[in-house]
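Chain by chain, the residues run as shown.
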Amino acid sequence: AADCSALRRFAEGGEAPRLGGQEATSSTSKALGGVASRDCHWRYPLRSDAVLAQFARLSQQLRACAAGAVTVEGASVNHPDSFDQMTAQVADQQVSLSLKDKGALGQSLIFLRASAP
């Protein structure tokens, strides 16, 4: 069984997990209807092995720790950028995980967000 403690802690308002020893950059924002969300991200070189491995690890963890179905979306945005996202319910919060490529910056970013459903 997966260790869901770090993901549950994040969903419940705690710190974002460290990825490959890297701390997240995090902020809080308000969405429509006044719902608060916590948004965290990590930066990596564009499509590096490290970003792909960390995203795969978090994806597996989200699937294992989800209370119910996991929604997966993939979409092309402004080329050559790309965007992959999955969303699930963890500890009564909606947790979203996404990988965004920023070709012009030479970066890939992993985003983790928690908000009330």
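Note that the structure is a prediction, hence the values are computed from the model and not measured.

### Observations concerning the overall build of the chain
Part 1 of the reasoning: Each helix and strand counted, the chain has two helices and six strands in total.
Part 2 of the reasoning: Written out in order from the N terminus, the α and β elements of the chain read α-β-β-α-β-β-β-β.
Part 3 of the reasoning: Its C-alpha atoms give the chain a radius of gyration of 14 Å, near enough to 13 Å, the size a compact globule of 117 residues would have.
Part 4 of the reasoning: Viewed in the frame of its principal axes, the chain has a C-alpha envelope of about 35 × 35 × 25 Å.
Part 5 of the reasoning: Considering the chain as a whole, with its 117 residues, one finds that 38% of them fall into the buried category.
Part 6 of the reasoning: Counted over contacts in the chain with a minimum sequence separation of 6, partners at least 24 positions apart contribute 49%.
Part 7 of the reasoning: Positive and negative charge centroids in the chain, built from 12 and 11 side chains respectively, lie 2 Å apart.

### Looking at the state of the cysteines
Part 1 of the reasoning: A complete count under the given rule lists one disulfide for this structure.
Part 2 of the reasoning: One disulfide bridge connects Cys4 with Cys65, the sulfur atoms lying 1.9 Å from each other. Handedness here is read from the sign of the S-S torsion; for Cys4 and Cys65, about -90 degrees, the answer is left-handed. In this pair, Cys4 sits in the segment before helix 1 (5–11) while Cys65 sits in helix 2 (residues 49–65), placing the two residues 61 residues apart along the sequence. As far as the burial class goes, Cys4 and Cys65 line up, both buried.
Part 3 of the reasoning: With no disulfide of its own, Cys40 lies 17 Å from the sulfur of Cys65, the closest cysteine sulfur.

### Here we look at the layout of surface pockets
Take a probe with the size of a water molecule and roll it over the atoms, and the empty space left behind shows itself.
Part 1 of the reasoning: Estimated volume of the largest pocket: approximately 160 Å³.
Part 2 of the reasoning: Put simply, the parts of the chain that give the lining of the largest pocket at least two residues each are strand 4 (82–90), strand 5 (93–102) and strand 6 (107–115).
Part 3 of the reasoning: By residue number, the principal contributor to the lining of the largest pocket is strand 5, which donates four residues.
Part 4 of the reasoning: For the lining of the largest pocket, a count of residues per class yields two nonpolar, six polar and three charged.

### As for the packing of aromatic side chains
How two aromatic rings sit relative to each other is set out by the distance from centre to centre and by the angle between their planes.
Part 1 of the reasoning: Here the structure, examined in full by the defined rule, presents zero aromatic pairs.
Part 2 of the reasoning: Directly above the ring of Phe111 sits Lys100, whose terminal nitrogen or CZ lies 4.6 Å from the centroid.

Reading the values: the criteria
Residues numbered from 1 in each chain as written. Predicted model: local features only at pLDDT ≥ 70, side-chain atom pairs only at ≥ 80, totals over all residues. Heavy atoms only, no water. Helix = DSSP H or I, 4+ residues; strand = E, 2+ residues; numbered from the N terminus. Rg over C-alpha atoms; globule rule 2.2 N^0.38 Å. Buried < 20%, exposed > 50% of the residue type's maximum accessible area, 1.4 Å probe, protein only. Contact = heavy atoms within 4.5 Å. Lys, Arg positive; Asp, Glu negative; His and termini not counted. Charge placed at Lys NZ, Arg CZ, Asp CG, Glu CD. Disulfide = S-S within 2.5 Å. 1 Å grid on protein atoms, 1.4 Å probe; cavity = no way out; pocket = protein on both sides within 12 Å on 5 of 7 lines; lining within 4 Å. Points joined across faces, edges and corners; volume = space filled by probe spheres on them. Nonpolar A, V, L, I, M, F, W, Y, C, P; charged D, E, K, R; others polar. Phe/Tyr/Trp six-rings, centres within 6.5 Å; stacked < 30°, edge-to-face > 60°. Lys NZ or Arg CZ within 6 Å of the ring centre and 35° of its normal.

Bear in mind that shape data such as this cannot, by itself, settle questions of function.
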